[in-house]
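Observations on the three-dimensional arrangement
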Amino acid sequence: MRIVVCMKQVYDPKTVKISRSREEFDLREAIKITNPPDKLALETALRLCEANGGGDVIALTAGEAQAEDVVREAIAIGADRGLLIADPELAAAGGRAVAKALAAAISLLGVVDLVLTGQAGLMDGAGCLAPRLAAELGWPVVLDAVAVTYALAGEFEATVASDDGALLMPMAAPVVVAIAPGPAPIRPRYPNPARIANAWQPGLVEICTPRELGLDAEALAPDVEPGGLVLPPERTRGEVIGGTVSAAAEQLVGILLVKRVV
Amino acid sequence: MDFSLPKTHQLFRKMVWEFAEQEVLPKAKQVDVQGWPDMDVVRKLGENGLLGTPFPQKYNGAGLGELGYCLLMEAIGAVCTSTATFVGAHIGIGVMAIYLGGNEAQKQRYLPDLCTGKKIAAFCLTEPNAGSDAASIKTRAIRDGDQWIINGSKIYITNGPIADVMTVLAVTDPALGSRGGVTAFVVEKGMSGLSVGTIEHKLGIRGSATSEIIFDEVAVPAANVVGQVGAGFITFMQTLDTGRLGLGAATLGGAETALDMMCRYAAGRMQFGKPLADKQSIQWLIADTATDVEVLRSLIYRTAWMVDTGQPYTREAGMCKLFGSELASRAVSRAIQVHGALGYSRDFPLERMWRDARIAEIFEGTNEIQRIVIAEQVLRPYGVRVRP
């Protein structure tokens, strides 16, 4: 069984500040982390291999050189191999270029049964990587899966959370699956200390550029041009309504009527 | 000069803080109340490869050196001093004595199970009449063919009741004393005549198990002599040198938590219409503690680096333990003051942290002994011989 896990480096939202005076993100003290849903995808891949007599888990990322840390962390957690498509422009180029680059790398890996990724990135939460990747690869895609199991030769089953329970979806490999946290998310394992100690050994992460994967300037052209950053209005002070429940409800309805909310 | 942690240790630091917060912190109050370690936490420490943090990978260790060990102790010490005490007694002195003094066969035999937590270690030095004066131990080992017969008792042994493997110091030649007459042995649970005596009821670190260990005609194979016959005192003193550093790292974690709690509370608690943090009297407590913490962290990481790069570190390790243990008590005491009556309440962790912090000024060499060790190192170039 061979599984590719697409992982992304994102800013830890807790460390990103917004400068209202300069109308921009203040990233001076921002810390980069692995996109948390991508860790769920990695954990799903590791459990699938462990439950089915082993296999190959390959962590794949694209971005600037620093994104290598994501792949090394994945190796410390349990991935067998790590690949980085290194290009400082790639992240800025947008989802289409990233999906093309990842798909090109995956098709060079030989037989791959599954491509897993987190349902959405912490940065924009667009959640469009999995469908785009599937389109590029010409594979089917399953979104919002909370678990994946191996059924029989070449067949997998995804559990997809739905409003009234869970949907069991049989899938034939190869397939792209986006993993979502779900109501009772699996807990990703901790990195292993000995694997951490070895994860920065030179040569452990295979690095290539989009050009080496056969992507030309057209493929890498940005599909969206940012027009600028608009900050939401500053939050105003709230109001606490006291008193008994019925009095408070009456007062609240009064306020809503005055503000023409209802 | 580069003061940043290596990438490996940055990730390890992140891992151990997450582990400490998710696995150790939720049990911190419970272990204090029940007066016994949580064996589930012990198992998780082993399963996640943390009980072999400093040791080479060929013995199932993580290979993260003393710096890795200090990061582990800092993170565990930040959430539960009892658990840090368990880890310190296991890795820092119990296993460390075999690693530093043992021969290759002994390391191959004991370290793999100890590094994965399949077995738990303890370090048996203190006796009723030999604490700071470690050379005055009375536990006796007498050679009998290809084995040694050990008689005597050890007290205040951390992990004593739960240990599978113990490194034990015993007198083998009373005439030679500490200079060649004292030998270290590996004693295993289940050996005939070995028993756990009185369990200690302690003021703090109640979630670590401490007991008397009794040796009644315990027959130990000659192959269990750690290193050479007569080299035990040196092995034990070397072990305590590194143990001190790890202990200092645990006090760093405790002081960091006290500082964090102090700042959080001072920022949110309103008195006289303003947050406490607006008062200069509170700001000074916070500024002093933050400065102390920064000094200790610099000292701990640098001393760990000295160990990992093979430099002498006896003086610095003593300073880590001395400064760290006094800081931990001081920082928690200040945090209690900032919290007022809430800090004194048993519903809040500060009273536990206060009881827990106190031990660090006593165990692994009292602070009086640390001052002797440091003075000895400082005064030696001046031709002064410092003696206890």
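Residues numbered from 1 in each chain as written. Chains lettered and ligands numbered in written order. Predicted model: local features only at pLDDT ≥ 70, side-chain atom pairs only at ≥ 80, totals over all residues.

1. A word on the interface of chain A and chain B
The criterion, for reference: By the convention adopted here, residues make contact when the C-beta atoms placed from their backbones lie within 7 Å. Labels follow the DSSP assignment, with helices taken as runs of H or I lasting at least four residues and strands as runs of E lasting at least two, numbered in each case from the N terminus. Residue polarity follows a fixed list, in which Ala, Val, Leu, Ile, Met, Phe, Trp, Tyr, Cys and Pro are nonpolar, Asp, Glu, Lys and Arg are charged, and the others, Gly among them, are polar.
Tallying the contact residues gives eleven residues for chain A and 15 residues for chain B. If you list the elements that add at least two residues to the side of chain A that touches chain B, you get α2 (68–77) and α6 (193–198) of chain A. By residue number, the principal contributor to the side of chain A that touches chain B is α6(A), which donates four residues. The residue inventory of the side of chain A that touches chain B, partitioned by class, reads nine nonpolar, one polar and one charged.

2. A look at the sheet that holds strand β11 (residues 165–172) of chain A
Residues and elements named next belong to chain A. What counts is decided by this rule: DSSP calls a pair of strands paired once it identifies at least 2 bridges connecting them. As a rule, the C-alpha atoms of each element are fitted with a line to give its axis, helices using only the stretch in contact, and angles between N-to-C directions run from 0 to 180 degrees.
Spatial strand order, β11-β10-β9-β12-β8-β1-β6-β7-β13: nine strands in an open sheet with mixed pairing. Across the chains shown, the open sheet's two edge strands, defined by having one partner strand only, are β11 and β13 (205–208). Averaged over all neighbouring strand pairs, the angle between strand axes comes to 30 degrees, with direction disregarded. Relative to strand β7 (residues 81–86), strand β6 (residues 56–63) runs parallel, the two sharing six bridges. Bridge assignment links L60 to a residue of β7, and that residue is L83. Running at roughly 175 degrees to β7, α2 makes contact with β1 (2–6), β6, β7 and β13 of the sheet.

3. A closer look at the packing of helix α4 (residues 65–79) of chain B against helix α5 (residues 81–101) of chain B
Residue and element names in this part refer to chain B. Selection criterion: Here the word oblique covers every angle except those under 35 degrees (roughly parallel), over 145 (roughly antiparallel) and from 65 to 115 (roughly perpendicular).
Interhelical geometry of α4 versus α5 gives an angle of 155 degrees and a closest axis separation of 8 Å. Between α4 and α5, the interaxial angle falls into the category roughly antiparallel. Seen from α4, the contacting residues are Y69, L72, M73, I76 and G77; seen from α5, they are T81, T83, A84, V87, G88 and I91. Here the residues of the contact of α4 with α5 are counted per class, giving seven nonpolar, four polar and no charged.

4. Notes on the confidence of the model for chain B
Just so we agree on the cut-off: How sure the predictor is of each residue is captured by pLDDT, a score from 0 to 100.
For chain B, per-residue confidence averages 97 on the pLDDT scale, and residues scoring 70 or more make up 100% of the total. For this predicted complex, the interface confidence reaches an ipTM of 0.93, while the overall pTM sits at 0.93.

5. Here we look at the packing of α4(B) against helix α7 (residues 232–268) of chain B
All names here are of chain B. Formally: Take the far helix as your reference; a near helix turned counterclockwise from it by less than a right angle gives a left-handed crossing, and one turned clockwise gives a right-handed crossing.
Running from N to C, α4 and α7 point in directions that differ by 40 degrees, and their axes come no closer than 7 Å. Regarding the angle of α4 to α7, the classification is oblique. For the element pair α4 and α7, the recorded crossing hand is right-handed. Two secondary-structure elements touch here, α4 through E66, Y69, C70, M73, E74, A75, I76, G77 and A78 and α7 through T242, L245, G246, A249, A250, T251, L252, G253, G254, E256 and T257. In terms of residue class, the contact of α4 with α7 is built from ten nonpolar, seven polar and three charged.

6. A closer look at the nonpolar core
Convention followed: Note on terminology: a nonpolar core is a set of buried residues of type Ala, Val, Leu, Ile, Met, Phe, Trp, Tyr or Cys, with members joined through C-beta atoms within 7 Å. Buried, partly exposed and exposed are defined by the number of other C-beta atoms within 10 Å of a residue's own C-beta, namely 20 or more, between the two limits, and 12 or fewer respectively, with C-beta atoms placed from the backbone.
Ranked by internal contacts, the top residues of the largest apolar core, which has 186 residues, are V5(A), L102(A), V177(A), I76(B) and F185(B). With 15 residues, α7(B) is the largest single contributor of residues to this core. Apart from residues lying up to four places away in sequence, L102(A) is in contact with C6(A), L60(A), A62(A) and L133(A).

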